[in-house]
Each structure stands twice: as structure tokens, then as C-alpha cells.
Amino acid sequence: MPETMETKTKKPSAYVEAYGKSIADPEGFWGEQAGQIAWYKQPEQILTTDENGFYRWFKGGKLNTAYLALDYHVENGRADQTALIYDSPVTNTIRKYSYRELRDMVARFAGAMSGLGVSKGDTVVIYMPVIPEAVVAMLACARLGAIHSVVFGGFAPHELCVRIDDAKPKIVISASCGIEFEKHIPYKPLLDKALEVSKHQPDHTIIFQRPYVEAAMQPGRDLDYMELLQNTGPADCVPVDAHDPLYILYTSGTTGKPKGIVRDNGGHAVALKYSMQAVYGVDPGDVFWAASDVGWAVGHSYLVYAPLIHGCTTVLFEGKPVRTPDAGTFWRIIKQHDVKVLFTAPTAIRAIKKEDPEGHHKRRFDLPSLKYLFLAGERCDVATYYWVKDLLRVPVIDHWWQTESGWPMVANMVGYGLVPPEPGSAGLPVCGYKVEILGEDGKELIPAQEGYVAVKLPLPPGCLPTLWEDDERFRKSYLDRFPGYYMTGDGGYMDEDGYIYIMGRIDDVINVSGHRLSTGEMEEMVAAHHAVAECAVVGIADELRGQRPIGLVVLKDGQLIKEEQLEQELVALIREKIGAVAYFRNVLVVPRLPKTRSGKILRKIMRNIADGDHYAIPSTIDDPAILTEIHDKLKSRSIGKAFIL
Ligand code: COA
Ligand code: AMP
């Protein structure tokens with residue numbers, strides 16, 4: 001544990017007062033913030049509980065999120081301001097859309113969907129690359145009060161199918177291809193494959209044909225995006241209840257079935273609007289860039305909804321931090337579009353650092369517009385923090401949140417004058433979040449003791465009210481472990497000054513290149529292989545991606561399959577079922593798995609061995625000798641940070 005940090009300054013009184021009020025009087029605090037957005041009908045009550053006892057915000061309020069993101073600005077002086085800049089080095093395109101243009105595109109596409117029978121409360125799956133049409137599709141759903149569920153384009157048909165079966169969309173919107181560096185990835189065959197096996201069948205698919213790949217269409221079911229627009233007029237915004245879902249976003253849990261995180265309209269709009277100034281320090285009119293994919297929570301909140309609701313210009317980047325065309329792309333975009341705040345994942349910075357350690361590309365651009373770099377998605381290692389801070393000479397702000405929260409839970413809220421004293425901590429609790437570190441018994445731990453990171457209920461607006469059609473799983477996954485708290489799934493500690501340190505997941509969730517994946521799900525897939533008796537998939541440290549999964553496998557008796565062949569088969573299986581993004585590359589055949597005497601697999605110890613971290617051998621271990629065998633096996637194959645020189 002670090003000692004109390006000497007460089008920490010006294011907290012600004014603006015933060016202390018606002019945070020204190022948000023915890024002591026959440027209704028007063030959020031009631032005031034609700035005044036910052038335009039409601040069709042003001043909420044009757046600020047905080048209530050529903051029939052399940054779950055907290056709900058802004059009961060009785062009526063609004064429309066697409067109205068707030070677009071029409072409101074068109075009507076209030078921002079019609080000609082750029083709403084969205086599409087910057088796509090992979091297609092050599094830069095296109096700007098004003099608020100009026102984007103509003104018109106969205107209204108028209110909403111009209112087209114409405115013509116297909118999509119209306120309030122219907123679900124729509126969006127499986128698209130990072131292109132303006134994806135943003136238009138999301139906002140068009142919001143305009144109609146339909147519930148969108150965006151599926152990350154890097155996911156394979158199996159993952160798409162699971163989500164389609166759970167969300168039961170009336171239509172699925174997709175594109176003919178995505179682009180990964182120089183590779184064109186045809187999406188339509190992946191969608192077709194998902195629909196071949198899904199139990200649920202949408203009425204239609206709408207396909208945006210990109211010029212690089214032409215998707216084969218199934219007449220009657222598949223409709224062409226552009227043709228559909230030709231015969232349609234605009235649709236108006238449909239007022240929805242504050243509690244009505246805006247979207248479902250599936251995220252990895254500990255099993256093969258992802259969790260459908262529900263986001264409501266009212267709490268979401270209020271929280272995101274508030275966060276833009278308070279957390280990120282941006283004003284309406286500023287250019288905000290979240291270098292994310294629309295398929296992730298960051299893409300939803302800070303690429304699409306928050307910057308638009310706040311009247312900013314958002315940048316939609318279709319490319320990679322490197323090789324599109326080089327490690328200077330991020331700096332070129334900041335310069336060219338006057339970006340004030342960049343939000344990305346540490347893995348992106350590590351990729352740039354790896355290709356351009358001296359920062360030569362940065363020297364091509366001075367970046368006077370840039371005020372802050374925000375990082376999230378995984379822990380920011382100290383070396384990367386200092387490298388990028390020295391390079392950019394702006395505050396680098398690590399902050400912590402999850403798909404479930406939809407906006408930051410811990411950060412240095414620059415809007416209240418907080419700046420990070422030094423790396424390592426994700427900052428102080430954000431207004432509305434009473435973050436506590438709990439021990440096994442649910443009691444709050446003293447500073448510097450590591451435990452479960454939990455948030456005292458009620459969660460602030462914007463956080464998940466429940467899981468899609470699964471209240472029971474919501475209760476079991478998040479609320480039951482520590483009554484009165486939301487369990488985040490992360491471990492960590494708080495120092496004497498109240499700064500929070502996130503140490504990593506305590507469950508089967510890993511973060512590969514900022515993509516959240518479930519090792520539990522991979523284990524289920526590996527275990528289904530005919531040669532496998534039992535297995536463990538663990539996330540080990542990866543220099544570039546933060547983490548990557550490896551499999552340790554015990555063969556069934558009598559199985560003679562070679563390790564190399566099994567590895568090839570399992571690597572192909574995970575690639576086919578989850579997608580290449582899982583970055584599952586190694587399988588080790590071991591004689592046994594380390595277990596406690598009661599049969600619990602000791603996954604954390606295997607991770608520690610691979611990472612070269614210190615670990616204590618539990619007294620309950622069944623067979624300590626297996627740890628040495630695993631150590632030697634990893635070493636002989638040079639797998640794991642501890643064994644790569
Ligand atoms: N669609 C299809 N395939 C995808 C994909 C997508 N959206 N994203 C990644 N993949 C594929 C890659 O093409 C690669 O396939 P391959 O094995 O056939 O080469 C595989 O998944 C692994 O990709 P990745 O781990 O991303 O490695 P990479 O070398 O392609 O790129 C980085 C490395 C660091 C540049 C890249 O991971 C990156 O940009 N990371 C930042 C991500 C980010 O910002 N996350 C924040 C989310 S909030
Ligand atoms: P996701 O739901 O994909 O946003 O992933 C959320 C998880 O990513 C969290 O539960 C953390 O484990 C991890 N995470 C996100 N931000 C940070 C951060 N700043 N520091 C450490 N871990 C983080």
C-alpha cells in the first residue's frame with residue numbers, strides 16, 4: 001500500500017460541499033440537476049422505490065432523449081453548430097454534421113423505422129461499425145421511444161445470437177462491413193449466421209451498404225438502408241416516461257449469458273448532462289472526443305448521448321490509435337478538430353507508446369485546445385501515466401466506472417477543481433456515489449485495507465435500475481451480497497484522504513484491450529470440447545492489452561490429443577464463438593488444477609504465478625505440488641509476464 005501521499009492538496013470546497021449535499025440530500029441535489037434538462041412534464045417525485053424495492057429516479061417525468069440531444073439545440077441556437085465529426089482514417093473520410101443535419105437524418109430514419117412498425121417499447125438490435133449511421137440508428141430509436149441494444153461489431157455470431165434471443169428485437173440494423181486496419185470485415189454473413197441459429201427472428205433487417213463490401217440480401221427480410229430512406233418522411237419525438245428504458249447494453253458477467261444492463265431515459269439524461277461540466281469540465285460548444293466503439297458503455301454515454309445532450313461537438317473516430325495510418329493519429333485529430341477533452345483507454349496509449357516511444361509524432365502538432373486526458377476501462381499503469389502526461393503536458397485523469405453505472409463513480413471531478421495528485425488512484429467518489437470498502441462480513445474497512453468496492457444505495461440517477469427482464473439476477477448479482485449496497489465486482493481500497501484505488505475484478509470478468517469479457521463464459525466453451533475433463537480460463541497480464549485469457553486444461557482419461565492440436569482447436573473455437581477480440585491464444589495441458597480441499601479451483605494463484613506476483617499458498621490447498629508444475633509449464637512455454645524476458 002502506498003503511504004499517505006504528500007502531494008495531495010486540500011480538497012476544493014466546491015467539491016466537498018457538492019459531494020456532501022449529494023449524499024446527505026440526494027433528492028435535493030438531483031432535483032436541482034433535473035432542472036438542467038428540458039422535460040415535457042416535470043417529475044412528480046425525485047426518488048422512489050418500485051414494486052421490487054429497487055430505487056427509481058424522477059417518477060412521473062416525461063421527456064425524449066433524442067429531443068434533448070438534437071431538437072432542443074436546433075431550437076435553441078445551435079442548429080448550425082457541428083454536432084458530430086466523423087473522422088475515419090480507414091476510409092479517408094472526414095465529414096461534419098450540424099445539429100440540424102443530424103436531427104433531420106435521425107427524424108427521417110425514425111420515420112423509416114416507424115413505417116416498419118417500430119414504436120415505443122419495441123426493441124431494436126444495432127450491430128454496426130463506428131459510422132454515423134450507427135449513431136443515427138441509436139438516436140432514431142430514442143426518438144420513437146424504442147429500446148436499442150447495440151452489439152459490439154467485434155463479437156462473433158454466437159454472441160450476437162445470444163443477445164438477439166434475449167432482447168427479441170423487432171428489427172436488426174447492420175452494415176455490410178467494418179474495417180480493422182486494412183481488413184474489411186463483412187458483417188452481414190455474421191448476422192445471417194446469428195439469425196440462422198437464433199430462436200427469435202426479427203421482422204426485418206436494415207443493412208447499410210458500404211462501398212467496400214456488398215452484402216447479399218434476403219428479399220423480403222433484408223431492407224436497404226438508403227432505399228428505405230427514399231420513401232419516408234420524418235417522425236416526431238415520442239414523449240416517454242422517465243422510467244422507460246432507453247437502451248439495453250449487454251455486458252459480460254460470470255456466466256455464458258451476458259447481463260442486459262437497462263438504462264432508463266430520465267436518470268440517464270440528468271446524470272450525463274451533469275457529468276459533462278462536473279466531471280469532465282466541458283461547456284456547451286466544446287469539442288469532446290471519446291475514442292471508443294459505439295458497442296461499449298463509453299461509446300453510448302460519451303460518444304453519443306452526453307456530448308450531444310450538453311450541446312458539444314462529438315468526434316466519431318473509425319480507426320485505431322496506431323497504424324491508421326500511424327501513431328500520430330490521435331494528436332492529428334485533436335489538432336484538426338480542436339478537441340478539448342480526449343477520453344480513451346490506457347491500452348490505446350500503450351499502443352501509441354509502443355510504436356512511438358519517443359513521441360516523435362506528437363512533435364508534429366501543438367495542441368493548445370487540449371485541456372484534459374481522461375482514461376478508463378482498466379487500471380492505468382504508472383509508466384503509461386507519466387509517459388503520456390509528459391508528452392501532452394495536460395492533466396491525465398484516471399477515472400473508474402462500469403457499464404452498469406453508465407457514468408463515472410470515482411474521478412477527480414475537474415469541474416469542481418480537483419486534479420489528480422499522482423497516479424495509482426482513480427480519484428475521489430463522484431457526487432451521488434457513497435463508495436465504501438467492505439470486508440467479507442460487510443463491515444466497512446479502515447483506510448488502506450483492501451476489500452470489496454461497494455456503493456451504498458441508492459445509486460445516483462443514470463445507473464442501472466435492473467437487468468433486462470431479470471430482476472432476480474439483478475438482485476442476486478449486485479444487491480444480495482451486501483444488503484443496502486451495490487456490489488461493483490471490483491476489489492480495492494481507500495486511503496486516509498478518501499482516494500480510491502481499484503485493484504481489479506474479484507470475479508470472472510477480465511478486460512482485454514478495454515473490452516470486458518467473461519472468463520467464465522470461455523471456460524464453459526472450453527469445457528465443452530470432447531477431450532477436456534476440466535479447465536480454468538484465467539486472465540493474465542498483457543503488456544499491450546492489459547489482460548488476456550489463457551486456458552489450463554486437464555484431459556479426459558485416455559485422451560491422446562497433442563497439446564498443440566488442442567490449443568489450435570480451442571483457440572479457433574473461442575475465436576468463432578466470441579470473436580477475435582477475446583485474444584485467446586494459449587492452452588496448457590496440466591495434470592490437475594490447483595484446488596482447495598473443498599474443490600474450489602484456485603484461479604487467482606494461477607494468475608499470480610503467470611504475472612510473477614507474490615502469492616500465499618492457502619492452507620486449504622489440496623495438492624501444493626501442482627503449483628510448481630504449473631509454474632514450470634508456463635516457464636517452458638514463455639507464457640506470462642513472469643517468464644517473458
Ligand atoms: N471488429 C472485428 N474484429 C475486431 C474488432 C472489431 N471491432 N476489434 C478488434 N478486432 C480483432 C482484430 O482485428 C484482431 O484480429 P486478428 O486476431 O485477426 O488480428 C483481434 O480482434 C485482436 O484485436 P486487438 O486485441 O484489438 O489487437 P490489435 O493488434 O488489432 O489492436 C490495439 C491493438 C491496442 C491497437 C487495439 O486493441 C485498440 O485500439 N485498443 C483500444 C480499444 C479501446 O479504445 N477500448 C476502449 C473501449 S471503451
Ligand atoms: P466496463 O463495464 O466494460 O466499463 O468494465 C468495467 C470494469 O473495468 C470495472 O469493473 C473495472 O474492473 C474496470 N475498470 C474501469 N475503469 C477502471 C479504472 N479507471 N481503473 C481500474 N479498473 C477500471
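Throughout this description, residue numbers start from 1 for each chain and increase along the sequence as written. Throughout, the order in which chains and ligands are written sets their labels, letters from A for the former and numbers from 1 for the latter. Owing to the predicted nature of the model, reporting of local features is limited to residues with pLDDT of at least 70; listing and counting of side-chain atom pairs is limited to 80 or more, with chain, interface and lining totals taken over all residues. Only hydrogens and water are removed before side-chain values are computed, so all heavy atoms of the structure are retained for them.

1. Focus: the overall build of the chain
Step number 1: Counting from the N terminus, the helices are the DSSP runs of H or I reaching at least four residues and the strands are the DSSP runs of E reaching at least two. Along the backbone of the chain there are 18 helices and 31 strands.
Step number 2: Against the compact-globule benchmark of 26 Å for 645 residues, the chain has a radius of gyration of 24 Å, which places it among compact chains.
Step number 3: Projected onto its principal axes, the C-alpha coordinates of the chain cover approximately 70 × 65 × 60 Å.
Step number 4: Buried, partly exposed and exposed residues are distinguished by accessible area as a fraction of the type maximum, computed with a 1.4 Å probe on protein chains only: under 20%, between the cut-offs, and over 50%, respectively. Burial statistics for the chain: of 645 residues in total, 62% are counted as buried.
Step number 5: Note on contacts: a residue pair qualifies if any of its non-hydrogen atoms lie within 4.5 Å across the two residues. The long-range share in the chain, meaning contacts at least 24 apart out of those at least 6 apart in sequence, stands at 70%. Two things to know: the radius of gyration comes from C-alpha atoms, and the globule rule equals 2.2 Å times the number of residues to the power 0.38.

2. Overview of the sheet that holds strand 4 (residues 82-88)
Step number 1: Should DSSP find at least two bridges between two strands, the strands are taken to pair. Reading across the sheet, the seven strands line up as 5-4-17-16-18-19-20 and stay open at both edges, with mixed pairing between neighbours. Each end of this open sheet is capped by a strand with a single partner; those strands are strand 5 (93-98) and strand 20 (396-398). Sheet twist, expressed as the mean angle between neighbouring strand axes with direction ignored, is 20°.
Step number 2: For strand 16 (residues 287-290) and strand 18 (residues 341-344), the ladder comprises three bridges, and the chain directions are parallel. Note on strand 18: the bridge partner recorded for Trp289 is Leu342.
Step number 3: Strands strand 4 and strand 5 of the sheet are contacted by helix 4 (residues 99-115), whose axis makes an angle of about 90° with strand 5. Note on definitions: angles span 0 to 180 degrees between N-to-C directions of axes, and those axes are lines fitted to C-alpha atoms, for helices only across the stretch in contact.

3. As for the sheet that holds strand 24 (residues 451-456)
Step number 1: The strand order across the open sheet built from four strands is 23-24-25-26, with neighbouring strands paired in antiparallel fashion. The two strands at the open ends of the sheet, each matched to only one other strand, are strand 23 (434-438) and strand 26 (500-505). With direction set aside, neighbouring strand axes in the sheet form an average angle of 50°.

4. Observations regarding the site of ligand 2
Step number 1: Consider each residue's heavy atoms; a residue with any of them within 4 Å of a molecule or strand counts as near. Around ligand 2 there are 14 residues in total, and Asp398, His399, Thr403, Asp490 and Arg516 lie nearest to it.
Step number 2: What qualifies as a polar contact is a pair of N or O atoms within 3.5 Å, subject to a donor-acceptor requirement within protein and to the restriction that residues adjacent in sequence count only when both atoms come from side chains. Asp490 has a polar side-chain atom sitting 2.5 Å from an oxygen atom of ligand 2.
Step number 3: In this structure, an oxygen atom belonging to ligand 2 sits 2.6 Å away from a side-chain N or O atom of Arg516.
Step number 4: What sets the accessible areas is the Shrake-Rupley method with a 1.4 Å probe; for residues, cover comes only from the shown protein chains. Protein chains bury 93% of the 490 Å² of accessible surface belonging to ligand 2 in isolation.
Step number 5: Each residue is assigned to one class: nonpolar for Ala, Val, Leu, Ile, Met, Phe, Trp, Tyr, Cys and Pro, charged for Asp, Glu, Lys and Arg, and polar for all the others, Gly among them. Along the lines of polarity and charge, the residues of the shell around ligand 2 split into three nonpolar, five polar and six charged.

5. Overview of helix 15 (residues 519-527)
Step number 1: For helix 15, the tally of buried residues reaches seven of nine residues, placing the bulk of the element in the interior.
Step number 2: Considered for burial, the residues of helix 15 that qualify are Thr519, Gly520, Glu521, Met522, Glu523, Met525 and Val526.
Step number 3: The N-terminus of helix 15 is capped by Ser518, whose side-chain oxygen sits 3.2 Å from the backbone nitrogen of Gly520.

6. Section: the site of ligand 1
Step number 1: Around ligand 1 sit 23 residues, and of these Lys183, Pro321, Arg545, Arg575 and Arg585 come closest.
Step number 2: In this structure, Arg575 approaches ligand 1 through a side-chain N or O atom, which is 2.6 Å from an oxygen atom.
Step number 3: Taken by itself ligand 1 offers 950 Å² of open surface, and the protein chains cover 84% of this.
Step number 4: Residue composition of the shell around ligand 1, by class: 11 nonpolar, six polar and six charged.

7. Describing the environment of Ser119
Step number 1: Tracing the backbone through its elements, the reader meets Ser119 in the loop between helix 4 and strand 6 (123-127).
Step number 2: For Ser119, a relative accessible area of 37% gives the class partly exposed.
Step number 3: In this structure, the C-alpha to C-alpha distance between Ser119 and Pro211, residues 92 residues apart in sequence, is 31 Å.
Step number 4: Apart from residues no more than four positions distant in its own chain, Ser119 is found in contact with Leu144 and Ala146.

8. Section: helix 17 (residues 603-611)
Step number 1: Along helix 17, the residues classified as buried are Ile605, Met606, Asn608, Ile609, Ala610 and Asp611.
Step number 2: Buried-residue contacts for helix 17 involve strand 29 (532-542), strand 30 (546-555) and helix 18 (625-636).
Step number 3: Positioned one or two residues after helix 17, Gly612 has a phi angle of 70°, which is positive.

9. As for the pattern of salt bridges
Step number 1: Here, a salt bridge means any side-chain nitrogen of Lys or Arg that lies within 4 Å of a carboxyl oxygen of Asp or Glu. Taken as a whole and assessed by the stated rule, the structure comprises 38 salt bridges.
Step number 2: The closest approach of N and O atoms between Asp222 and Lys188, which form a salt bridge, is 2.7 Å. One end of the pair, Asp222, is in strand 12 (residues 222-224); the other, Lys188, is in helix 7 (residues 188-197), with 34 residues separating them in the sequence.
Step number 3: Relative accessible area serves as the criterion here: at 7%, Asp222 is assigned to the buried category.
Step number 4: The class for Lys188 is buried, based on a relative accessible area of 2%.
Step number 5: Three or more residues are tied together by salt bridges with common partners; here these are Asp71, Arg103, Asp104 and Arg143.

10. A look at the packing of aromatic side chains
Step number 1: For this analysis, a ring pair means two rings from Phe, Tyr or Trp (six-membered ring only for Trp) whose centres lie within 6.5 Å, classed as stacked if their planes differ by under 30 degrees, edge-to-face if by over 60, and tilted for the remaining angles. As enumerated under the stated definition, the model contains 37 aromatic pairs in all.
Step number 2: Plain terms: the ring middles of Phe474 and Tyr478 are 5.7 Å apart, the flat faces sit at 50° to each other, and that makes the pair tilted. Of this pair, Phe474 and Tyr478 are both found in helix 14 (residues 471-479), four residues apart, which corresponds to roughly one turn of the helix.
Step number 3: Accessibility expressed as a relative area gives 4% for Phe474, which makes it buried.
Step number 4: Members of the aromatic cluster, connected to one another through ring pairs, are Tyr280, Phe288, Tyr302, Phe343, Tyr372, Phe374 and Trp401.
Step number 5: In this structure, Arg323 is placed above the aromatic ring of Phe181, and the distance from its NZ or CZ to the ring centre is 3.8 Å.
Step number 6: Think of it as a cone above the ring: NZ of Lys or CZ of Arg counts as a charge over the ring if it is within 6 Å of the ring centre and within 35 degrees of the ring normal. For Arg481, the ring lying beneath its charged end belongs to Tyr452, and the centroid distance is 5.1 Å.

11. Some words on the packing of helix 4 against helix 5 (residues 132-144)
Axes are the key here: two packed helices are described by the angle between their axes and the distance separating the axes.
Step number 1: The geometry of helix 4 relative to helix 5 is characterised by a closest axis approach of 8 Å and an angle of 65° between their N-to-C directions. It follows from the interaxial angle that helix 4 and helix 5 lie roughly perpendicular. Crossing geometry of helix 4 relative to helix 5 is assigned as right-handed. Between helix 4 and helix 5, the contacting residues are Leu102, Arg103, Met105, Val106, Ala107, Phe109, Ala110, Met113 and Ser114 on the first element and Val136, Ala137, Leu139, Ala140, Cys141, Arg143 and Leu144 on the second.
Step number 2: Residue composition of the contact of helix 4 with helix 5, by class: 13 nonpolar, one polar and two charged. Relative orientations are named as follows: roughly parallel for angles under 35 degrees, roughly antiparallel for angles over 145 degrees, roughly perpendicular for angles from 65 to 115 degrees, and oblique for any other angle. Handedness of a crossing is defined here by the sense of rotation of the near helix relative to the far one, left-handed for an anticlockwise turn of less than a right angle and right-handed for a clockwise turn.

12. What to know about the pairing of strand 25 (residues 485-494)
Step number 1: A large share of strand 25 lies buried, amounting to 10 of its 10 residues.
Step number 2: Bridge count between strand 25 and strand 26: five bridges; the pairing is antiparallel. Bridge pairing in strand 26 places Tyr493 opposite Tyr501.
Step number 3: Counted along the chain from strand 25 to the antiparallel partner strand 26, the turn is five residues long, and its residue Gly498 has a positive phi close to 90°.

13. Considerations on the nonpolar core
Step number 1: Definition used in this section: a nonpolar core is a set of buried Ala, Val, Leu, Ile, Met, Phe, Trp, Tyr and Cys residues joined via side-chain atoms within 4.5 Å. Phe109 and Tyr302 are the most contacted members of the largest nonpolar core, which totals 130 residues.
Step number 2: It is helix 5 that provides the largest number of residues to this core, a total of 10 residues.
Step number 3: Membership of the second largest hydrophobic core comes to 45 residues, among which are Val125, Ile248, Leu517 and Val589.

14. Topic: the environment of Lys259
Step number 1: If you trace the backbone, Lys259 turns up in strand 15 (residues 259-264).
Step number 2: Judged by relative accessible area, Lys259 falls into the buried class, the value being 9%.
Step number 3: In sequence terms Lys259 and Trp30 are 229 residues apart; their C-alpha atoms lie 27 Å from each other.
Step number 4: Among residues more than four places away in sequence, those in contact with Lys259 are Leu249, Tyr250, Thr251, Gly253, Leu467, Arg473, Ser477 and Tyr478.

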